[in-house]
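The chain contents come next:
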Amino acid sequence: QVQLVESGGGLVQAGGSLRLSCAVTGIFFSINNMAWYRQAPGKERDLVAGIARSGATNYVDSVKGRFTISRDNAKNTVYLQMNSLKPEDTAVYYCNVDLNNGVDSWGKGTLVTVSS
């Protein structure tokens, strides 16, 4: 019943920036954790950044200092600001949330391509 809609992906040059958004719609009481994962072709899907309802965040080491995850609880939306993008950041980025009732939901993904 819950749907995650991602947007903001695209093609950028190395050193550029993108801002991903993920809006959560449907019937639910509240959202606990929100996160962004990414998966390159032929590779595993890995956690990029996560943010708890309290605002506490965590990042994979490779994006620390370059990416910033944030959330707007009033809009049920999570963002990922990506700066100083590198070709190694190229991947499909997926939004993930867990709701108060324990339901874990995924978006369909948005492609980020960083050219050298």
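Residues numbered from 1 in each chain as written. Predicted model: local features only at pLDDT ≥ 70, side-chain atom pairs only at ≥ 80, totals over all residues. Heavy atoms only, no water.

Trainee: Whenever I open this one, the nonpolar core confuses me. Can you help?
Mentor: Within soluble globular proteins, side chains that are nonpolar tend to cluster in buried spots. Ranked by size, the top nonpolar core spans 27 residues in total, and within it W36, F67, V78, L80, M82, Y93 and V97 carry the most contacts. Sorting the residues of this core by element identifies β3 (18–25), β4 (31–39), β5 (46–51), β7 (67–72), β8 (77–82), β9 (91–99) and β11 (110–115) as the ones contributing at least two each. Per-element accounting of this core gives the leading share, five residues, to β9. What Y93 contacts, discounting residues up to four positions off in sequence, is E6, L20, W36, Y37, R38, V48, F67, L80, M82, G109, T110 and V112. (Core = buried A, V, L, I, M, F, W, Y, C linked by side-chain atoms within 4.5 Å. Buried < 20%, exposed > 50% of the residue type's maximum accessible area, 1.4 Å probe, protein only. Helix = DSSP H or I, 4+ residues; strand = E, 2+ residues; numbered from the N terminus. Contact = heavy atoms within 4.5 Å.)

Trainee: Please explain the sheet that holds β7 as it appears in this structure.
Mentor: Each strand in a sheet pairs with its neighbour through backbone hydrogen bonds, running either in the same direction (parallel) or in the opposite one (antiparallel). The four strands are arranged β1-β3-β8-β7 in an open sheet whose pairing can be described as antiparallel. The open sheet terminates on both sides in strands that have one partner only, identified here as β1 (3–7) and β7. Averaged over neighbouring strand pairs, the angle between their axes works out to 15° when direction is ignored. Sheet analysis places β7 next to β8, joined by six bridges and oriented antiparallel. Counted as the bridge partner of F67 is M82 from β8. (Pairing = 2+ DSSP bridges. Axes fitted to C-alpha atoms, helices over the stretch in contact; angles between N-to-C directions.)

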